[in-house]
Structures are given as structure tokens and as C-alpha cells.
Amino acid sequence: MLFQYAHALIGFLFGMLFVALQVFLLVRLLAPRVKEPMKDSTYECGEPPVGDAWVRFDMRFYTMALIFIIFEVEAVFLFPWATVYNDLIAGLRAAGTGNVLFPFIEVFVFILVLGVGLIYVWKKGDMDWVKAMRGQPKQSWPPTEGSTGERDVEKDVA
Amino acid sequence: MESYFTFVSSVLGFEPTSLLGFVGAIAVWAVPITAFVSVVGLVSIWLERKISAHIQCRVGPMEVGPHGALQTLADGIKLLGKEDLVPAQADRILFGLAPMLVFASTFVGFAVIPFSQKAVIADLNLGIFFLAAVGSLEAIGVVMAGWSSNNKWSLFGAIRAATQVVSYEIPLGLSLLAVVVVAGSMSLNDITQAQSGWVWNWFLFRNPFMWAVFLIYFIASLAECKRAPFDLPEAESELVSGFHTEYSGMRFAIFFLAEYGAMYIVSAIAVVLFFGGWYTGIPFLDHISGSIGGTTGVVVENLIGAGTIIVKSFLLICVQMWIRWTLPRIRLDQMMDLCLKYLLPFSLVLLVAVSLWQAFQGPIDGGNSVMGMIMLAATVASLIWMRRLAGRVSKASALRRELPVVKTGL
């Protein structure tokens, strides 16, 4: 079995080598190379680039990453159970003792705990991409009847 | 995998036990797989152009080769001759490493997915799990590409890609779990062999929930491949070209190839999990080595298997393209809502339902065939009904807008 994982690893390395050969060897040999400073500047639709692109980004992406970690780890924990699930049931049925649903109930409790977490995150509003500002009702987009979705110009002026 | 090498080595006449044999074995699989990835890329890019053209009442590329079949090859040669640009502001090491990582994570998937019972290079016992893990490795390459370019478009594209791939990984993983519960194995070979026999033994018809599981997998895989309507990371009308804005020439071509390779991989996984893998669904064809016999029989059987899985995967690729040229791109908040508020709870419920069904399946069903036949009939009936409905709706909307009623094919 390890032999097969070695093949997977070699496949990965071979894939990298394939790209490296093409980009660093074949293209070096075939493609023209004309040095020109403007050509190497960052593309910003024709304008000279303003500032650095390595900026801070939205916190909401971070929340998404946290949600991902929780549920992906859940899935990882469930994979071994899923693999032996049929065997467990067959074993229980063959033995004739114990509840056939036992392997299911065990995992159902696990899923239920995470389900509670899901409901908590949902109610807390961390799953909403468009969030309410403090002291304001949540804006819905596209605007429903009643709210125009545009900013109130008069209020802005005032 | 042993089977593949013992088979190939028995045909070619060498022993893959020594180190030299191991190196030879790598040459035996790595070179054909490289060629296969390239051909998949060429064919599916051509298909994409033709399908999009015909959906928009155009003809698409017609000049190079019959019906423009060699157009992609010509484009590839052109890209090979393009200057290799690295922006002065970029992080050169990560910039060079990113396309390698993206391509390698796709390439290693081709080493794991089976083509037929014997033509599988690495038959891992963790098959599906490994593919899911390697599939999200691509996200790291994409973030690397976006970050190292030092370009605002690239960075935004990369962040979007990371969020999208990471969040759709959850429903994807849970729908894979439902299949693992039914099959009782993570090995792609075992999963396929559990679906041998007639069409109704395919996992798609195994229980009433599998269609829903497949739909969730398919939607999540569209997002994993960054295909429209989930092409926010490359949204060309907002972000120029997303994370690969700064890439030119061959490096750009590598990203493109990896994208189409990933499309093949997710389709092949879907075929293995739900559509019976390399089985044609006709027992006589699937076990033809029994009637032909000898090495010829084995070769013919494996060729039929490889042809079957490739054709099925390409049909799914065509569905992906059809969806791309039909639906508009969704917004970021809609994308997150669809994943976290619909697909995630639904896939959890489906996992519970499938495992409950699996616990009671014995007393209810006995064999799997009866349920499979019922589900197959229900599937065919509902497809016919949907076709009728679609025809009626399009006719009604044409009448309402006083347009001539266009009689579609099919």
C-alpha cells in the first residue's frame, strides 16, 4: 500500500517537473526576450499602479475559514466511521444482540452537537455576508419594496 | 496498482520489483498520463468553444483542422512562443511555484482515478479522501499565485477563490461521506465494483437520496473548479482575470490546462461515485474477458472500461459547460448563502438519511436491485416530465413576448 502512496507522491513531483521543464526550459529556448521596464510593471488597467497590493482584507473571510475548519474536521472524523459502518451493522445483525441502530445513534449525537453549533453560528449572523451595521436594520440586497437600496441623499447632506 | 504493473509488466516483459523496475514503471505511467492530461485539456477547451458557440448561435472555431479541432493545439504552440513575463514587483519564487503547485495537484488526481479495473496507477485505500485533500491543495496554489503577483485584481481573485473552495469543500466532503456509507470503502476501485451488473446497480439509483447527494456534489464540484456560475475568482468583468491576471504565455497555459484537468477529475469522481465508473451497465460487456479469454480478453475488457469512464466523464463535462453558458454569475453573498445555508444543512440531513436507510436496508429490500429498478424508472419518468415542462414553459414565454416559437431539438 505504501508503494502506491509513493506513486502518488511521484505523480505530484512529476507534475511539478513537467511545469518546470516547460516554463524554465522550453519557453527559455523558444520565446523571445525583450527587456523593457514598463512591461514588467504591475497591470492595473493601463494606469501606473497605485500603492502596494499586499493590503489587509475583510474579516469576514477569516470567519469563513473558522467555519470551514469546524465542519471539515467534522467530515474528517466521520470518514473512518463511514468506512466501517456497514460492517458494524452486519456484525450486530449477525450477532443478534444489541441495537442495529447503535452505530448510527453514536454518530447522530456527534452530528447533533455540530448541528447545534451550526444553528448558533447561523443565529449569530456569522453566515450572513451582508451584515447589519450597529444600530441599523440589516440591508437586504436586492432592495425589497420599501427600501430603495440607494443611500438617503438628504440624510447624507444633513 | 499492483494489478496495473503486473499486467503491464506481463505484457511488456519486465519485473517492477527492483529500483530500475520502479523507475521504468514510473516512465510507463507518467508519460501516458501527461499525454492524457494534455489531450483532455485540448479536447475540452475545443468542446467549450464549440458548445458555447452553438449555444449562442455561432459556429465557433472552424479554420484549423476539421471543425476547428486543432485550434487549441495551435493556440498552445502560440503560447509556447510568447514571452515569459514576471512583474518587477512580484515575489519571484512564489510566482514561479504557484503554477507548478496548481498543475501538480491536478496531475496527481489523474494518478489516483481509475480508468478500468486494472488500469489504475495508484489504487489508494483512502482514494476519495486523498482526492478531496489534493483537490483543496489547488487552493493554496491559487492563493500563492494571487498573493505573489502583487496585483490588486490577483489578490481579490485569490481571496475569493480560497473562500469559495474552502466553503464548498464542506458539502462536497459530506456528499462523499454519504457514498462511503453506502459503499463501505474509500477505495475508488471497491466503490466501482460495488456497482457492477445492470444499470440499476449504480449508486445513483441505490436509494431515494442519492440523486440529491449527487446534485449537491455536482454543485459543489462546479464551485471547486471555479466554473460559472461560481466563477467569481476569475470574474472577467470585475477582476480582469482574477488570480492569474499577471501570468502570461506558458504559465497562463498551465493554469488553463490545470483548470480543465480539474474539470475532468471532478467529473470522473462523480462517474465513479454515482454512475458506475468503468461499467457500461450491461453485464455481458463488463465481463467480456470471460467470453473472449486470454490476454486479449483482459485487454479488450479494460479498453471498454477506459472508454466508458472517459465518455461518461466527458458527458458530465459537457453538462458543466452547458451550465456555464446558461446561468449568469452569482454574487459573493449568494455564493456563501447557497453553500452555508442550503447545501451544508441539506448534506448533513442527507448523510443522516442515507445512514438510516443503510441500517434498515436489509429487512426492507433484501437485494439492491428492486430499489434500483424503482429509482431508475422514477428517474426516467421525472426526466421526461421535466423535458415536457421545459418545452411548455419556453413555448409560453415565447407566446407572451410575441416571439416565434422555436422548435428545439431533442
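Residues numbered from 1 in each chain as written. Chains lettered and ligands numbered in written order. Predicted model: local features only at pLDDT ≥ 70, side-chain atom pairs only at ≥ 80, totals over all residues. Heavy atoms only, no water.

Caption draft 1: Main features of the packing of helix α2 (residues 59-95) of chain A against helix α6 (residues 152-183) of chain B. Interhelical geometry of α2(A) versus α6(B) gives an angle of 15° and a closest axis separation of 9 Å. Judged on the interaxial angle alone, α6(B) and α2(A) are roughly parallel. Like other packed secondary-structure pairs, α2(A) and α6(B) cross with a definite hand, here left-handed. Split by residue class, the contact of α2(A) with α6(B) holds 21 nonpolar, 4 polar and 2 charged. (Axes fitted to C-alpha atoms, helices over the stretch in contact; angles between N-to-C directions. Helix = DSSP H or I, 4+ residues; strand = E, 2+ residues; numbered from the N terminus. Parallel < 35°, antiparallel > 145°, perpendicular 65-115°, else oblique. Left-handed = near helix turned anticlockwise from the far one by under 90°. Nonpolar A, V, L, I, M, F, W, Y, C, P; charged D, E, K, R; others polar.)

Caption draft 2: Examining the layout of surface pockets more closely. Taken as a whole, the second largest pocket holds about 890 Å³ of empty space. As for the second largest pocket, its lining consists of 36 residues, of which Ile45(B), Thr72(B), Leu79(B), Ala253(B) and Phe256(B) are closest to the centre. For the lining of the second largest pocket, the elements supplying multiple residues, two or more each, are α1 (2-30) of chain A together with α2 (19-55), α3 (71-80) and α9 (249-274) of chain B. Across the lining of the second largest pocket, the residue classes tally to 17 nonpolar, 8 polar and 11 charged. (1 Å grid on protein atoms, 1.4 Å probe; cavity = no way out; pocket = protein on both sides within 12 Å on 5 of 7 lines; lining within 4 Å. Points joined across faces, edges and corners; volume = space filled by probe spheres on them.)

Caption draft 3: Broad picture of empty space enclosed by the protein. Residue and element names in this part refer to chain B. This structure, assessed with the given rule, holds 4 cavities of 30 Å³ or more. Reported here for the largest cavity is a volume of approximately 260 Å³. If you go around the largest cavity, you meet 18 residues; those closest to its centre are Leu 131, Gly 135, Glu 224, Ile 265 and Val 266. For the lining of the largest cavity, the secondary structure elements donating two or more residues are α4 (92-112), α5 (127-148), α6, α8 (210-224) and α9. Here the element with the most residues in the lining of the largest cavity is α5; it accounts for 6 residues. Partitioned by chemical class, the residues of the lining of the largest cavity number 12 nonpolar, 4 polar and 2 charged. Computed from the structure, the second largest cavity encloses a volume of approximately 60 Å³. Around the second largest cavity sit Val 102, Glu 138, Val 142, Lys 226, Glu 234, Phe 243, His 244, Phe 255, Phe 256 and Glu 259, which together line it. Elements supplying a minimum of two residues to the lining of the second largest cavity: α5 and α9.

Caption draft 4: Layout of the pattern of salt bridges. Residues and elements named next belong to chain B. Counted under the stated rule, the structure contains 8 salt bridges over all chains. For Arg 324, the salt bridge goes to Glu 48, with nearest N and O atoms at 3.0 Å. A residue pair is termed long-range when its members are at least 10 positions apart, and Arg 324 in helix α12 (residues 294-324) and Glu 48 in helix α2 qualify at 276 residues. Ionic pairing is found between Asp 84 and Arg 251, a salt bridge with its closest N-O pair at 2.8 Å. Of this pair, Asp 84 sits in the loop between α3 and α4 while Arg 251 is found in helix α9, placing the two residues 167 residues apart along the sequence. Neither Asp 84 nor Arg 251 differs from the other in exposure class; each is buried. (Salt bridge = Lys/Arg side-chain N within 4 Å of Asp/Glu carboxyl O. Buried < 20%, exposed > 50% of the residue type's maximum accessible area, 1.4 Å probe, protein only.)

Caption draft 5: Here's a closer look at the interface of chain A and chain B. Opposite the 70 residues of chain A that make contact, chain B presents 85 residues. The junction of chain A with chain B conceals about 7,400 Å² of combined surface from both sides, 75% of it contributed by carbon and sulfur atoms. Among the residues chain A hides against chain B, the three largest losses belong to His7(A), Trp54(A) and Phe79(A). Together they make up 10% of the total. The interface formed by chain A and chain B includes 0 salt bridges. Here chain A is connected to chain B by 8 residue pairs in polar contact (both at pLDDT 80 or more). (Contact = heavy atoms within 4.5 Å. Buried area = accessible area lost by both parts, 1.4 Å probe. Polar contact = N/O pair within 3.5 Å; in protein donor to acceptor, adjacent residues only side chain to side chain.)

Caption draft 6: Expanded view of the packing of aromatic side chains. Residues and elements named next belong to chain B. Scanning the model with the defined rule gives 27 aromatic pairs over all chains in all. Here the aromatic rings of Phe 214 and Phe 275 are separated by 5.1 Å at their centres, their planes lie at 85°, and the arrangement is edge-to-face. Of this pair, Phe 214 sits in helix α8 while Phe 275 sits in the loop between α9 and α10 (283-286); the two residues are 61 residues apart in sequence, bridging distant segments of the chain. Accessibility assignment for this pair places Phe 214 and Phe 275 in one class, buried. Between Tyr 264 and Phe 314, the aromatic rings sit 6.0 Å apart at their centres with planes inclined by 50°, giving tilted as the arrangement. (Phe/Tyr/Trp six-rings, centres within 6.5 Å; stacked < 30°, edge-to-face > 60°.)

Caption draft 7: Fine view of the side chain of Glu169(B). Here Glu169(B) lies in helix α6. An unpaired buried charge is present at Glu169(B): no salt bridge exists, and Lys226(B), the closest side chain of opposite charge, is 10 Å distant. The residues contacting Glu169(B), other than those within four sequence positions of it, are Phe68(A), Glu72(A), Ala132(B), Ser136(B) and Glu224(B). (Lys, Arg positive; Asp, Glu negative; His and termini not counted.)

Caption draft 8: Here's a closer look at the packing of α4(B) against α5(B). Residue and element names in this part refer to chain B. One way to put it is that α4 packs onto α5 with a least axis distance of 8 Å and a crossing angle of 165°. Comparing the axis directions of α4 and α5 gives the class roughly antiparallel. Crossing angle aside, the handedness with which α4 passes α5 is left-handed. Residue-level inspection shows Leu 94, Phe 95, Leu 97, Ala 98, Leu 101, Val 102, Ser 105, Val 108, Gly 109 and Val 112 of α4 in contact with α5, the latter providing Gly 127, Phe 130, Leu 131, Val 134, Leu 137, Glu 138, Ile 140, Gly 141, Val 142, Met 144, Ala 145 and Ser 148. Partitioned by chemical class, the residues of the contact of α4 with α5 number 16 nonpolar, 5 polar and 1 charged.

Caption draft 9: Layout of the state of the cysteines. All names here are of chain B. Applying the stated criterion to the full structure yields 0 disulfides over all chains. Here Cys 225 is not disulfide-linked; the sulfur of Cys 318 is the nearest cysteine sulfur, at 14 Å. Exposure remark for Cys 225: the relative accessible area of 4% places this residue in the buried category. In this structure Cys 339 is a free cysteine whose sulfur lies 15 Å from that of Cys 225, the closest cysteine sulfur available. You can call Cys 339 buried: its relative accessible area is 0%. (Disulfide = S-S within 2.5 Å.)

Caption draft 10: Representation of the nonpolar core. Core analysis: the largest hydrophobic core is formed by 145 residues, its most contacted members being Phe103(B), Tyr264(B) and Phe274(B). Tallying contributions element by element places α9(B) first for this core, with 17 residues. Contact partners of Phe274(B), with chain neighbours within four places excluded, come to Val179(B), Gln195(B), Trp202(B), Phe203(B), Leu204(B), Met210(B), Val213(B), Phe214(B) and Tyr217(B). Counting residues in hydrophobic clusters, the runner-up holds 6 residues, among them Val27(A), Ala31(A), Leu79(B) and Met250(B). (Core = buried A, V, L, I, M, F, W, Y, C linked by side-chain atoms within 4.5 Å.)

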